Amino acid sequence: MLTLNPPLGTSDLIPTRIAYGCWRLAGSEGGPRVEAEDGKRAVRAAIEAGVNFFDHADIYGRGQCERIFGEALKDMPGVRAKLILATKCGICPPWDGRQHSYNSSHAYITTSVEDSLRRLGVEQVELLMLHRPDYLGDPAEIAGAFDQLREQGKVRWFGVSNFKPSQVQALQSAMDVPLIVNQVEISLGALACLDDGTLDHCLSARMTPLAWSPLAKGRLAGTPENEHEAQLFAALDATAVRHGVTRAAIAIAWLLQHPTRMVPIVGTVNPARIKEALAADSVALSRDEWYALLIAARGAKLP
Ligand SMILES: NC(=O)c1ccc[n+]([C@@H]2O[C@H](COP(=O)([O-])OP(=O)(O)OC[C@H]3O[C@@H](n4cnc5c(N)ncnc54)[C@H](OP(=O)(O)O)[C@@H]3O)[C@@H](O)[C@H]2O)c1
């Protein structure tokens, strides 16, 4: 079974060290459609492997991913109470001629959550995140929407995604309850958060980072497309052989070792790959191994 992480931020939510992301349950953008049955099978595989933390967004699969998850839950009585369900809102994609924008107005947030609850078939989600910072977002208005959702029992805790530390601080300053997570892109293929203050701020603000696309949208598990990737993948493969797991598991284990106790969000819909990725939980990289992978990922020596 998977190990539990410390609580998310200062909340009472205790997730498994690795979460499952539901973005691809209805198929990847531009990729082949995933049949609803395959999406449900992925959810079941993650739950049976012990994952208790699931990440959604209102826009994933145009709502279809939350629906598939809700259907999978219906087939597993008694399971819902053991899960931490998270969803996000605030991105308005350019679908059907609509203007691409971000919206964190009171009306948008509350309506989006009500729609998500209906699709998921639950009364409450444990966590709601704003999907991206909205340039027109008013912290006081957002805090008001969050308060209303909390008082109505529809959402227990709140967080953000893709926020810079200053954006987190601006929102937090208007809120009475703590933001508990910042869901950010971090992997051996996307290192910016490590150096731009985002993770440092999570440490000082006692927020838990959630790592999206921990395999760089699958790139880290694929074939190298240039010399830099060839060297990184060779370093990952050598480490994987030493630990008796896959390259994907090593890339995820590398994230688990960060002192923020970040939670990587695995996104494959393939049950065998879900299991392989979760094997990261049992890998402890040495400090030398961790730094060797960082250097290979940067393609440059340490200063
Ligand atoms: N907040 C945000 O802005 C944001 C943005 C992106 C993602 N997310 C969250 O992060 C989650 C994970 O993102 P992601 O799906 O891009 O994660 P990922 O784990 O980096 O990539 C998963 C993709 O890699 C492919 N893949 C190829 N070989 C694989 C292997 N050996 N093991 C595992 N996967 C392999 C998978 O295909 P198969 O399914 O065919 O295995 C899948 O398409 C999402 O579900 C979502 O919850 C959040």
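Refer to the structure above for everything that follows.
Since the model is a prediction, treat every value here as computed from it, not as a measurement.

1. Comments concerning helix α4 (residues 139-151)
Part 1: Helix length check: α4, at 13 residues, gives a terminal C-alpha distance of 18 Å against a target of 18 Å (1.5 Å per residue), a fit within 8%.
Part 2: I142, A143, A145, F146 and L149 are the residues of α4 that are buried. All buried residues of α4 project into a common sector of 160 degrees when viewed along the axis, lining one side. Summarising the geometry of α4, the exposed residues directed more than 90 degrees from the buried face are A140 and E151.
Part 3: For α4, the secondary structure elements touched by its buried residues are α3 (106-120), β6 (125-130), β7 (155-161), α5 (165-172) and β8 (179-185).
Part 4: G153 sits one or two positions beyond α4 and adopts a positive phi of about 75 degrees.

2. A short note on the packing of aromatic side chains
Part 1: Under the counting rule described, the total for this entry stands at 6 aromatic pairs.
Part 2: An angle of 55 degrees between the planes, with centres 5.1 Å apart, marks the rings of F54 and F69 as tilted. Of this pair, F54 sits in strand β2 (residues 53-55) while F69 sits in helix α2 (residues 64-74), placing them 15 residues apart in sequence. An identical accessibility class is assigned to F54 and F69; each is buried.
Part 3: Ring geometry for F146 and F158: centres 4.2 Å apart, planes at 15 degrees, overall stacked. Within this pair, whereas F146 is found in helix α4, its partner F158 is found in strand β7, the two being separated by 12 residues in sequence. Each member of the pair, F146 together with F158, is buried.

3. Examining the nonpolar core
Part 1: With 89 residues, the main nonpolar core has Y20, F54, F69 and W254 as its most contacted residues.
Part 2: The element that contributes the greatest number of residues to this core is helix α9 (residues 247-256), accounting for 9 residues.
Part 3: Beyond its immediate stretch of four places on either side in the chain, F69 contacts C22, L25, V43, F54, H56, L83, L85 and L120.
Part 4: By size, the runner-up hydrophobic cluster in this structure holds 14 residues, among which are F53, A86, W157 and L210.

4. Some remarks on the layout of surface pockets
Part 1: Within this model, the largest pocket holds a volume of roughly 1200 Å³.
Part 2: Every residue lining the largest pocket is counted, 47 residues in all, and those nearest its centre are W23, R24, S28, S213 and K217.
Part 3: Of all the secondary structure elements, the ones that give two or more residues to the lining of the largest pocket are α9, β10 (263-266) and α10 (271-278).
Part 4: Of the residues contributing to the lining of the largest pocket, the split by class is 20 nonpolar, 16 polar and 11 charged.
Part 5: There is about 200 Å³ of room inside the second largest pocket.
Part 6: Residue lining of the second largest pocket: 13 residues in total, with D58, I59, Y108, D115 and R119 positioned closest to the centre.
Part 7: Residue contributions to the lining of the second largest pocket peak at 5 residues, all from α3.
Part 8: When grouped by side-chain class, the residues that make up the lining of the second largest pocket number 5 nonpolar, 3 polar and 5 charged.

About the criteria used
All residue numbers refer to positions counted from 1 along the written sequence of the respective chain. With pLDDT at 70 or above as the cut-off, local features in this predicted model cover only qualifying residues; side-chain atom pairs require 80 or more to be listed or tallied, and sums for whole chains, interfaces and linings still use all residues. Calculated side-chain values reflect all of the structure's heavy atoms, with hydrogen atoms and water omitted. Helical segments are the DSSP runs of H or I of at least four residues, strand segments are the runs of E of at least two, and each set is numbered from the N terminus. Multiplying one less than the number of residues by 1.5 Å gives the expected span of a helix. For each residue, the accessible area found with a 1.4 Å probe, counting protein chains only, is set against the maximum for its type, and the residue is called buried under 20%, exposed over 50%, and partly exposed in between. Taken from the helix axis, the directions to the C-beta atoms give the arc we talk about. Throughout, a contact is declared for two residues whenever any of their heavy atoms are within 4.5 Å. The rule is short: rings of Phe, Tyr and Trp, with Trp giving its six-membered ring, pair when the centres are within 6.5 Å, and they are stacked under 30 degrees, edge-to-face over 60, tilted in between. Put simply, a nonpolar core is a bunch of buried Ala, Val, Leu, Ile, Met, Phe, Trp, Tyr and Cys residues held in one set by side-chain atoms that sit within 4.5 Å of each other. The pocket and cavity definitions rest on a 1 Å grid over protein atoms only: a 1.4 Å probe that fits but cannot leave marks a cavity, an open set with protein on both sides within 12 Å along at least five of seven lines marks a pocket, and residues lining either have an atom within 4 Å of a point. Grid points are joined across faces, edges and corners, and a volume is the space filled by probe spheres set on the points. Three categories are distinguished: nonpolar for Ala, Val, Leu, Ile, Met, Phe, Trp, Tyr, Cys and Pro, charged for Asp, Glu, Lys and Arg, and polar for the others, with Gly belonging to the last.

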